[in-house]
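Observations on chain architecture
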Amino acid sequence: MTDNTCSSAASSIKESFALGDRQRSDACPGVRAMHEATDGYIGRMRFAGGHVTADQWRNLAQLATTFGDGDIHLTTRGNIQIRGISSADQTGFAEQVVHYAMSPSLAHDRMRNIICSPRTPWLHPLAHALDDALLATPATATLAGRTLFALDDGRGDMLHRTPDMAAIATTALVNADSWRDTEFRIVLGGNLTDYIATGEEIPQVITAVATRWAAIRDALWRIGEDTSGEKYQQLVEVVADHAATTTKAIGNDHQWANATDANTPSRENDIIDRFVGWHDEPDGTVTLGAGLPFGKLTATAAELLATAECTTTATCWHTVMLYGLDEAVAEAVVKAGSLHGLVFDRHSPRLSITACTGLPGCEKSLSDVRRDAITLMQQGDPGEYPVHFSGCQRRCGHPAGKYVDYLATSDGEYEVTEPAPQ
Ligand code: SF4
């Protein structure tokens, strides 16, 4: 592998992120509308807030071995996909997912992207309430598959994902029942608005905004693509319309729960502490963060997660959080999981170096980027920033904040762009 280090903030990155052709349908796969890759079809499933139950891990293991390449693949939106589905198995796969009740509405299949702060499983009930409200509203089914909803516990770790519609806690979630009374600031297009609402009210407010966005978005996929700001303003007015009954204006009082100097919410500040490892909780339980190199989990490892019989979150950072474990179970998960590809060391180069699918799975790729990424991993600590390998300028799955960009130019050859200095 040859590294041709080139200059700072490359114009090539800027160009490749320019708004593409929004007249075509976005290609985000779903359960039925699959994406055809070189290694077969990709079927993608959405779990509200990334909340996956033990039974669902078992179901996913079954889907991976029956229809896919034997692995379960996490995306950078915490969605879960099966790769390598044959043309003949497409219908069977979709029917099995519906049978498992893992796609509650095929009409809404691709827009149900709801991500949650991974350190607070108490957001799961709110994620499900929001999902239910969106599912109960036929108009939201026309939203693009790129639409992103987020619920942030106040750390700001969701805000930097630039969600289209989000809520960030301004008061602390203190237990499993507190989400209804917790106050959240409403976020549109990644921007903090001047309005807050309680958790009880959030599903109604966000669904009203989503309904209006579906009506006015025209060919746009994301709210942030509205460069004129006119559509954005209409959405703010929807939030303001709720002010008399649900939301209240708080002006520029930027307060949120859990914020510290180190993690002040910001669109620019990518919080890369992915909570990998062992976390002792005040109630005596253990939370585990398991890192998945390249976002890949074997079917055997998924079965292992299921045996813990606990609440889990599949996150945007290629990790799975396991909550409420007693110490002996946590130790067993770490021991067995390490043998099956789970990483519990947050500083492991296996987690700080990521890659798109590349060859042979993606025909657009100019190189086998995962092979090349592993070569770099074997050289040890990659340095201060995450590293991402891309087979082409689309840069699928790149980290949200600053990262070292390895862009393939031919087989094993890369243009390397360091992040611009602070
Ligand atoms: S970045 Fe390009 S090569 Fe890599 S998976 Fe995406 S489309 Fe394929």
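Rules of the game
- Residues numbered from 1 in each chain as written.
- Predicted model: local features only at pLDDT ≥ 70, side-chain atom pairs only at ≥ 80, totals over all residues.
- Heavy atoms only, no water.
- Near = heavy atom within 4 Å.
- Nonpolar A, V, L, I, M, F, W, Y, C, P; charged D, E, K, R; others polar.
- Helix = DSSP H or I, 4+ residues; strand = E, 2+ residues; numbered from the N terminus.
- Buried < 20%, exposed > 50% of the residue type's maximum accessible area, 1.4 Å probe, protein only.
- Contact = heavy atoms within 4.5 Å.
- Salt bridge = Lys/Arg side-chain N within 4 Å of Asp/Glu carboxyl O.
- Patch = residues over 30% accessible without salt bridge, like charges linked within 9 Å, V, L, I, M, F, W, Y side chains within 5 Å.
- Areas by Shrake-Rupley, 256 points an atom, 1.4 Å probe, with all protein chains shown as cover.
- Lys, Arg positive; Asp, Glu negative; His and termini not counted.
- Charge placed at Lys NZ, Arg CZ, Asp CG, Glu CD.
- Pairing = 2+ DSSP bridges.
- Core = buried A, V, L, I, M, F, W, Y, C linked by side-chain atoms within 4.5 Å.
- Axes fitted to C-alpha atoms, helices over the stretch in contact; angles between N-to-C directions.
- Phe/Tyr/Trp six-rings, centres within 6.5 Å; stacked < 30°, edge-to-face > 60°.

Going by an unreviewed UniProt entry, the protein chain carries the name Ferredoxin-nitrite reductase and comes from Corynebacterium choanae.

Moving on: the site of the ligand. Neighbouring the ligand are C356, T357, C362, K364, S365, G391, C392, R394, R395 and C396. Partitioning the shell around the ligand into residue classes produces four nonpolar, three polar and three charged.

Below, the discussion takes up the environment of G30. Within the secondary structure, G30 sits in the loop between α1 (11-16) and β2 (35-37). Overall, the relative accessible area of 0% leaves G30 in the buried class. Separated by twelve residues in the primary sequence, G30 and I42 place their C-alpha atoms 8.0 Å from one another. When neighbours within four sequence positions are excluded, G30 is seen to be in contact with I42, G43, R44, R46, D109 and R110.

Glancing now at the pattern of salt bridges. A complete count under the given rule lists 14 salt bridges for this structure. Notably, a salt bridge pairs R58 with E309, separated by 2.5 Å at the nearest N-O pair. Pair noted here: R58 is in helix α2 (residues 54-67) and E309 is in the loop between α7 (299-307) and β16 (312-314), with a separation of 251 residues, a long-range link. For E309, a relative accessible area of 54% translates into the label exposed. Salt-bridge contacts for D218 lead to K231; the nearest nitrogen and oxygen are separated by 2.8 Å. Of this pair, D218 sits in the loop between α5 (202-216) and α6 (230-241) while K231 sits in helix α6, and the two are 13 residues apart along the sequence. Assessed through its relative accessible area of 61%, D218 is described here as exposed.

Turning to unusual backbone geometry, a few remarks are in order. Along the chain, L359 connects to P360 via a cis peptide bond; the corresponding omega equals 5°. Secondary-structure assignment places P360 in the loop between β18 (353-355) and α10 (369-377). Phi is positive for D218, which is not a glycine, with a value near 50°. Of note in this structure, H318 is not a glycine but carries a positive phi near 60°. Inspection of the secondary structure puts H318 in the loop between β16 and β17 (319-325).

A surface patch of like charges, here negative, comprises D280, D326, E327 and E331. Take E327: it is sitting in helix α8 (residues 327-339). Residue classification places E327 among the partly exposed positions, given a relative accessible area of 47%.

The strand order across the open sheet built from five strands is β4-β16-β17-β14-β13, with neighbouring strands paired in antiparallel fashion. In this open sheet, the two strands that pair with only one neighbour each are β4 (51-52) and β13 (277-280).

Glancing now at the nonpolar core. M45, W57, L60 and L322 are the most contacted members of the largest nonpolar core, which totals 42 residues. For this core, the element with the highest residue contribution is α2, accounting for seven residues. Core analysis: the next-biggest nonpolar cluster, separate from the first, contains 37 residues, A48, A127, L143 and I202 among them.

Moving on, we get to the sheet that holds strand β3 (residues 40-45). Spatial ordering of the open sheet is given by β2-β3-β6-β5-β15, a layout of five strands whose pairing is antiparallel. Taken across any chain shown, the strands that pair with only one partner, and hence form the sheet edges, are β2 and β15 (296-298). Along the sheet, successive strands turn relative to each other by an average axial angle of 35°, direction set aside. Bridging between β3 and strand β6 (residues 80-85) involves four bridges; their strand directions are antiparallel.

Moving on, we come to the pairing of strand β14 (residues 286-291). Burial within β14 is extensive, with six of its six residues counted as buried. Here β14 shows no split at all, with V286, L288 and A290 on one side and T287, G289 and G291 on the other all buried. Across four bridges, β13 lies against β14 in antiparallel orientation. Within the sheet, the bridge partner assigned to H279 lies in β14 and is T287.

Okay, the packing of aromatic side chains next. Note on aromatic pairs: each is described by the distance of the centres and the angle between the planes. Scanning the entire structure with this criterion turns up four aromatic pairs. Here F389 and Y414 contribute two aromatic rings whose centre-to-centre distance is 5.1 Å and whose plane-to-plane angle is 80°, an arrangement assigned as edge-to-face. Placement of F389 in strand β19 (residues 387-390) and of Y414 in strand β21 (residues 413-417) is noted, with a sequence separation of 25 residues between them. The class of Y414 is buried, set by a relative accessible area of 1%. Here a set of aromatic residues connected by ring pairs shows up, and it is made of F389, Y406 and Y414.

Let us look at the side chain of T198. By the secondary structure assignment, T198 is in strand β11 (residues 191-198). T198 gets classed as buried once you look at its relative accessible area, which sits at 19%. For T198, the contacting residues outside a window of four places in its chain are R180, D181, T182, E183 and F184.

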